[in-house]
Amino acid sequence: MRGVSRDEALKITAESLGVTGSDDLHAITKGALRRALFALAPTSQADVVRSVFEPLAPLGADREWVEEALEDLVVYGDALEMRKSRDDPWDAPGIVLRPAPPSFVERDDGTLMILGVAGELPTALPAELDNRVTSHGPVRTLSAQKSENLASYLKLLGFVQLSEQAWLCLPTAETASTHCQRWEDALHDVDVSQTDVEGIEILDPAKPVSYYRGRWRTPTRDTNGTFVARRPQLYGARLWSLLELRDGLCYRVLDLYGDENRQRPCDLAWRLQAAKDAVAGKPQEIRICESSDGCTLDFFGPIPAFAERRLLLVGTKRKAENCLFSFSLEAAQLKDEIAALERYLWMRPVHQGECG
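Note that the structure is a prediction, hence the values are computed from the model and not measured. (Residues numbered from 1 in each chain as written. Predicted model: local features only at pLDDT ≥ 70, side-chain atom pairs only at ≥ 80, totals over all residues. Heavy atoms only, no water.)

### Brief notes about the environment of Thr134
Position of Thr134 relative to the elements: it lies in strand S5 (residues 134-136). Judged by its relative accessible area of 38%, Thr134 is partly exposed. The sequence separation of Thr134 and Ile114 amounts to 20 residues, and the corresponding C-alpha distance is 9.9 Å. Residue contacts for Thr134: discarding those within four places in its chain leaves Val139, Arg140 and Thr141. Looking at Thr134, its side chain comes within polar contact range of the side chain of Thr141, at 2.8 Å. (Helix = DSSP H or I, 4+ residues; strand = E, 2+ residues; numbered from the N terminus. Buried < 20%, exposed > 50% of the residue type's maximum accessible area, 1.4 Å probe, protein only. Contact = heavy atoms within 4.5 Å. Polar contact = N/O pair within 3.5 Å; in protein donor to acceptor, adjacent residues only side chain to side chain.)

### Some thoughts on a nonpolar patch on the surface
Among the surface-exposed residues, Tyr153, Leu156 and Leu157 lie close enough to one another that they form a single nonpolar patch of about 310 Å² accessible area. With respect to the secondary-structure elements, Tyr153 resides in helix H6 (residues 150-156). (Patch = residues over 30% accessible without salt bridge, like charges linked within 9 Å, V, L, I, M, F, W, Y side chains within 5 Å. Areas by Shrake-Rupley, 256 points an atom, 1.4 Å probe, with all protein chains shown as cover. Salt bridge = Lys/Arg side-chain N within 4 Å of Asp/Glu carboxyl O.)

### Quick look at the nonpolar core
Counting 28 residues, the largest nonpolar core has Trp167, Leu297, Phe299 and Leu341 as the members making the most contacts within it. With six residues, helix H11 (residues 334-345) is the largest single contributor of residues to this core. Look past the residues within four positions of Leu297 in its chain and what remains in contact with it is Ile286, Arg287, Ile288, Leu311, Phe325, Ser326, Phe327, Leu329, Leu334, Ile338 and Leu341. Counting 26 residues, the second largest nonpolar core, distinct from the first, contains Ala9, Ala32, Trp65 and Leu73. (Core = buried A, V, L, I, M, F, W, Y, C linked by side-chain atoms within 4.5 Å.)

### Digging into the sheet that holds strand S7 (residues 160-162)
Spatial ordering of the open sheet is given by S5-S6-S4-S3-S7, a layout of five strands whose pairing is mixed. Each having just a single partner strand, S5 and S7 make up the two edges of the open sheet. Pairwise comparison of adjacent strand axes, ignoring direction, gives a mean angle of 35° for this sheet. As paired elements, strand S3 (residues 103-106) and S7 share three bridges and run parallel to each other. Opposite Phe104, over in S7, you have Gln161 as the bridge partner. (Pairing = 2+ DSSP bridges. Axes fitted to C-alpha atoms, helices over the stretch in contact; angles between N-to-C directions.)

### Concerning the sheet that holds strand S12 (residues 249-255)
Taken in spatial order, the five strands line up as S9-S8-S10-S11-S12 in an open sheet, and their pairing is antiparallel. The strands lining the two open edges of the sheet, one partner per strand, are strand S9 (216-217) and S12. Here helix H8 (residues 176-188) sits on the sheet and contacts strand S10 (225-231), strand S11 (239-246) and S12; the angle it forms with S12, its principal contact strand, is near 115°.

This is the structure in structure tokens:
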């Protein structure tokens, strides 16, 4: 028996998870998350994070970016967030995570985006193809060589082919006022039940759209109106809801659940809040910074998975200062992506000028 260095431990862990050609802890974490999703499903986000963070903590893993990495896998499509079914264990949470089956999306340029989890195996690809896979954040891509029909070959291997449209899961485009009215109508169909629910937090539309975390607050006795909110439940994560408050009391409650477009409760909530902000004349903003190398889009609040997926097709997500996150992309892609954000999320572009 002998001690091993951190670098040696990283290399051994990467090999055991099938993370080829990398001893990067972030890449190892994503491999471990895919393995955990298969082993634990149906499971909660908290259980997956715990099962990966605890053994990797001695190697330098941070819980926050393990959580962020899992969120990336859900957004990208490696993991599916679903409501609990009758066949799930009785103690499973109301919303569970399941691994997506091995699948791919073929781009117009012939590049394949690899999705899903291959059970206990590191990958469903044969070694000669897996060695050609490149990763950018959660995105795994495989480029075809001349006269190579990768799509047909992957289907023979059992991969499911998804159209780009099916993977993006874009919702119906509509005006912000129409979107808000649909949710208001649904809320008014709910029976009145005036209660004082402890632990509720609301997104305050009066707070600046440039600081998402600062918009959350506890309602007071003089709080009235309809609000996107999160409320506690006995087991599991907080529920996303639309509330009607009167004098600080819940008058009506409509819990948000995933829809036919595979939008998660948080996706529905973030899009609804974006619509409410636009109707109020204070649309959420995208800060645009341009340079000779391309451009950067800075976001100050979370956006639904369909919007992130579209941006992942053309750009790279990264952390940045003075905003929640950024996407870097080529200048040629800027016009179309801004148009999509305006169309589906009613956002307002703000040009900062050239990057430093």
